[in-house]
Amino acid sequence: PEDRIIDIRYEDLVTDPIGNLQAIYSHLGLEDFGEVLPEFEQYLADQKDYQPNRHAEIDAETRARIDQEWDAYIQKYGYAPSVSETPSYAESRVQ
């Protein structure tokens with residue numbers, strides 16, 4: 001059922017994890033977010049030095065296939081196709 005699915009962009013989750021977790025709880029009709037909030041905050045504090053993984057470059061043919069297969073999601077969430085002249089999703093997110 002549609003009310004049991006929520007789409008959240010990775011970038012949004014990383015930028016505002018608590019806000020997105022609260023949105024998930026609300027969307028799914030889960031109560032007592034305030035009770036679990038301290039645990040989420042502690043987990044995030046424990047992860048403060050986390051650095052995302054860096055992956056090997058994907059060849060152009062594989063990128064093109066990914067862009068073709070996942071085009072609906074790429075468009076829906078505003079990502080640039082990875083084979084374009086713009087940086088790939090992964091490249092644009094690594095700071």
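Above: the structure in question.
Summary of the structure given here. (Residues numbered from 1 in each chain as written. Predicted model: local features only at pLDDT ≥ 70, side-chain atom pairs only at ≥ 80, totals over all residues. Heavy atoms only, no water.)

Here's the deal with the environment of Thr 15
Logical step 1: In this fold, Thr 15 is placed in helix α1 (residues 10–15).
Logical step 2: Of the residues examined, Thr 15 reaches a relative accessible area of 67% and is grouped as exposed.
Logical step 3: Reaching out from Thr 15, the side chain makes a polar contact with the backbone oxygen of Glu 11 at a distance of 2.7 Å. (Helix = DSSP H or I, 4+ residues; strand = E, 2+ residues; numbered from the N terminus. Buried < 20%, exposed > 50% of the residue type's maximum accessible area, 1.4 Å probe, protein only. Polar contact = N/O pair within 3.5 Å; in protein donor to acceptor, adjacent residues only side chain to side chain.)

Some points on a nonpolar patch on the surface
Logical step 1: A cluster of nonpolar side chains, Ile 58, Ile 66, Trp 70 and Tyr 73, forms an exposed patch at the surface whose accessible area comes to about 400 Å².
Logical step 2: Within the element layout of this structure, Tyr 73 appears in helix α5 (residues 71–76).
Logical step 3: Given a relative accessible area of 43%, Tyr 73 falls into the partly exposed group. (Patch = residues over 30% accessible without salt bridge, like charges linked within 9 Å, V, L, I, M, F, W, Y side chains within 5 Å. Areas by Shrake-Rupley, 256 points an atom, 1.4 Å probe, with all protein chains shown as cover. Salt bridge = Lys/Arg side-chain N within 4 Å of Asp/Glu carboxyl O.)

A look at unusual backbone geometry
Logical step 1: Positioned with a positive phi, Asp 32 is a non-glycine residue whose angle comes to about 65°.
Logical step 2: Along the chain, the position of Asp 32 falls in the loop between α2 (17–27) and α3 (33–46).
Logical step 3: For Asp 32, a relative accessible area of 46% translates into the label partly exposed.

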